[in-house]
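Chain residues, written in single-letter form:
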Amino acid sequence: MHRSSLLALVPSVFLAHAATLRNRLDDTNVGLTPTMGWSSWNVAQCDAASEEYAMNTANKLSELGLKDLGYEYVNIDDCWTAKERDGNGNLVPDPNKWPRGIRPVVDDIHAMGLKFGLYGCAGTLTCASYPGSEDHEYQDVQLLADWDVDFWKHDNCFTECPVTPPPQTCWDYPVSTEPWYAKMADAIQSVKAQKEILFNLCQWGRNEVWTWGDKYGHSWRIENDNWGDWESVVRIGSKAGEIAQYSGPGGFNDLDMLFVGNNKLTHNQERLHFGLWAIAKSPLVIGADLTKIPTSSLDILRNKDLIVINQDPLGAAAAPFRPSNSNSPEPVPGEIYPYWTGPLSNGVVVAFSGANGAGDFSVKFSEVPGLEAGEHCWKEAYSGEEGRSDSLSFSVEQDDIAVFTVTDCA
Ligand code: GLA
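I will try to describe carefully the structure that is included in this document. This is a predicted model, so every value here is computed, not measured.

Focus: the sheet that holds strand β5 (residues 198-201)
A sheet is described by the order of its strands in space; here 8 strands give the open sequence β7-β6-β5-β4-β3-β2-β1-β8, paired in parallel fashion. What marks the edges here is a single partner per strand, and that holds for β7 (252-254) and β8 (284-286). For this sheet the average axis-to-axis angle between neighbouring strands, irrespective of direction, equals 25°. Examined bridge by bridge, strand β1 (residues 36-39) and β8 share 3 bridges and lie parallel to one another. The residue bridging G37 from the neighbouring strand is V285, located in β8. In the packing of helix α4 (residues 103-111) onto the sheet, contacts are made with β2 (73-75) and β3 (115-121), and the angle to β3 comes to roughly 140°.

Examining the site of the ligand
The immediate surroundings of the ligand are formed by 13 residues, with D77, D78, K153, D155 and D225 found nearest. Contacts to the ligand include R221, whose side-chain N or O atom sits 3.2 Å from an oxygen atom. Here the ligand has 310 Å² of accessible area as a free molecule, and 93% of this is covered by the chains. By residue class, the composition of the shell around the ligand is 7 nonpolar, no polar and 6 charged.

Some words on the pattern of salt bridges
Tallying each qualifying case throughout the model produces 24 salt bridges. The shortest N-O distance in the salt bridge between K60 and E63 comes to 3.2 Å. Separated by 3 residues within a single helix, K60 and E63 lie in helix α3 (residues 51-63), roughly one turn from each other. Its relative accessible area of 57% is what places E63 among the exposed residues. A salt bridge links R221 to D225; the nearest nitrogen and oxygen atoms lie 2.6 Å apart. This pair shows no difference in class: R221 is buried, exactly as D225 is. Shared partners join several salt bridges into a network, and the residues in it are R103, D107, D148, D150 and K195.

Considering the state of the cysteines
The final tally for this structure, using the stated rule, is 4 disulfides. Covalently, C161 is tied to C170 through a disulfide, its sulfur atoms 2.1 Å apart. Looking along the S-S bond of the C161-C170 disulfide, the torsion reads about 85°, which is the right-handed sense. In this structure C161 comes out as buried when scored by relative accessible area, which is 16%. Residue classification places C170 among the buried residues on the basis of a relative accessible area of 1%. For C377, the disulfide goes to C409, at an S-S distance of 2.1 Å.

Focus: the packing of helix α5 (residues 137-146) against helix α6 (residues 178-190)
Viewed as axis vectors pointing N to C, α5 and α6 meet at an angle of 40°, and their least axial separation amounts to 9 Å. One element, α5, and the other, α6, form an angle in the oblique class. At the point where α5 passes α6, the crossing takes the right-handed sense. Counting all contacts with α5, which are made through E137, Y138 and V141, the residues of α6 involved are K183, M184, D186, A187, I188 and S190. Across the contact of α5 with α6, the residue classes break down as 5 nonpolar, 1 polar and 3 charged.

With respect to the nonpolar core
Ranked by internal contacts, the top residues of the largest apolar core, which has 113 residues, are Y71, W80, F116, L118, F274 and F352. The greatest single-element share of this core, amounting to 7 residues, is contributed by α6. Sequence-distant contacts of Y71, defined by excluding residues within four places in its chain, comprise M36, G37, L61, L66, L114, F274, L284, I286, L301 and I307.

Topic: the packing of aromatic side chains
Ring pairs (aromatic) are described by centroid distance and by the angle formed between their planes. Counted by the stated rule, this structure contains 13 aromatic pairs. Geometrically, the ring pair formed by W378 and F404 is edge-to-face, given 5.7 Å between the ring centres and 80° between the ring planes. Placement of W378 in strand β13 (residues 376-380) and of F404 in strand β16 (residues 401-407) is noted, with a sequence separation of 26 residues between them. Pair check on accessibility: W378 and F404 agree, each one buried. Seen from their ring centres, F394 and F404 are 5.2 Å apart, and the 85° between their planes marks the pair as edge-to-face. Here the residue F394 occupies a position in strand β15 (residues 391-396), and F404 occupies one in strand β16, the gap between them amounting to 10 residues. F404 gets classed as buried once you look at its relative accessible area, which sits at 0%.

Calculation criteria
Residues numbered from 1 in each chain as written. Predicted model: local features only at pLDDT ≥ 70, side-chain atom pairs only at ≥ 80, totals over all residues. Heavy atoms only, no water. Pairing = 2+ DSSP bridges. Helix = DSSP H or I, 4+ residues; strand = E, 2+ residues; numbered from the N terminus. Axes fitted to C-alpha atoms, helices over the stretch in contact; angles between N-to-C directions. Contact = heavy atoms within 4.5 Å. Near = heavy atom within 4 Å. Polar contact = N/O pair within 3.5 Å; in protein donor to acceptor, adjacent residues only side chain to side chain. Areas by Shrake-Rupley, 256 points an atom, 1.4 Å probe, with all protein chains shown as cover. Nonpolar A, V, L, I, M, F, W, Y, C, P; charged D, E, K, R; others polar. Salt bridge = Lys/Arg side-chain N within 4 Å of Asp/Glu carboxyl O. Buried < 20%, exposed > 50% of the residue type's maximum accessible area, 1.4 Å probe, protein only. Disulfide = S-S within 2.5 Å. Parallel < 35°, antiparallel > 145°, perpendicular 65-115°, else oblique. Left-handed = near helix turned anticlockwise from the far one by under 90°. Core = buried A, V, L, I, M, F, W, Y, C linked by side-chain atoms within 4.5 Å. Phe/Tyr/Trp six-rings, centres within 6.5 Å; stacked < 30°, edge-to-face > 60°.

This is the structure we're talking about:
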């Protein structure tokens, strides 16, 4: 995808950083829209990095209709290997967790029409102290290609740091993380003829990764972890609003894996979490145990209108906007602003966030960047409510969100 064709459709409010946008992996065939799938980490951390979880999840993705909605990656996070490499320096799948090894599981998952991902780290160890890929980048990527693995998440624990021994994270020191990701990206490029691997930079937003992540990968984490609490949703969601312009086809801000269906957030908070991640064009990676997920959470993850917005080919992330004629509040850094919008290939998305309180929200279309004044057709994603008018008015509960797709009326 070439950014020049895309920019013509992007309202001027989103153009502020256009000059910084292009380095992107223009020749990519994967990751053109945000990754959709599941990951083991938020489910049960190390305990979920097994064949049993991978296969149960693959079956459930099909059974629950999630696969048909686009959730296709079954990603295994930290702790899938043994604690030591083998005599040839290769990573070894933990035999207790992977009795058949990795390749037969990948084949089974591919036969189900799904994809398979693994996790590793730029440092000597992963964050949970399993072998990292430092100085083994090419060897590890060759293994991934031989196993037909579709996705790689590259973390940044136990990396070079100006203190000895290196701490788990080197947050406190001004170290450039870019060379580590560049090296892994080169390794991934080197096997491209054999296997194209989607590359996720798990980089926590260090060194303003959103300004350069697209040179190397298809998505990059913009913040520290989503810990599954409301504060994390607010911290990460508000950050995404500040850097929306860096997302585009083939390279997206990654707001981190979802906590929908983990009994950690209220129903409204789960709706806002998912709705905001969807309009911010984040990867939508389920972090719940699909064998136990409550139906109310499943229904959020299966919201087709939000998935269509997230997977829109334009790939432009929504950002806060301040309606000129309303009593809209001053933006407060670190808070989720009540009004959001962004371009879609068939119109615009508008969202009202109740993160700062319930309210009756209202905006005229003339106040929305990218929309002409006058009548438009709209549909709200969670309620299914539809209308035709020159403005939007909607009641939003505390911590809930309303997300509207606004189009020209046929
Ligand atoms: C880091 C990452 C998480 C997860 C864990 C695994 O904290 O940011 O997403 O992968 O490591 O140890």
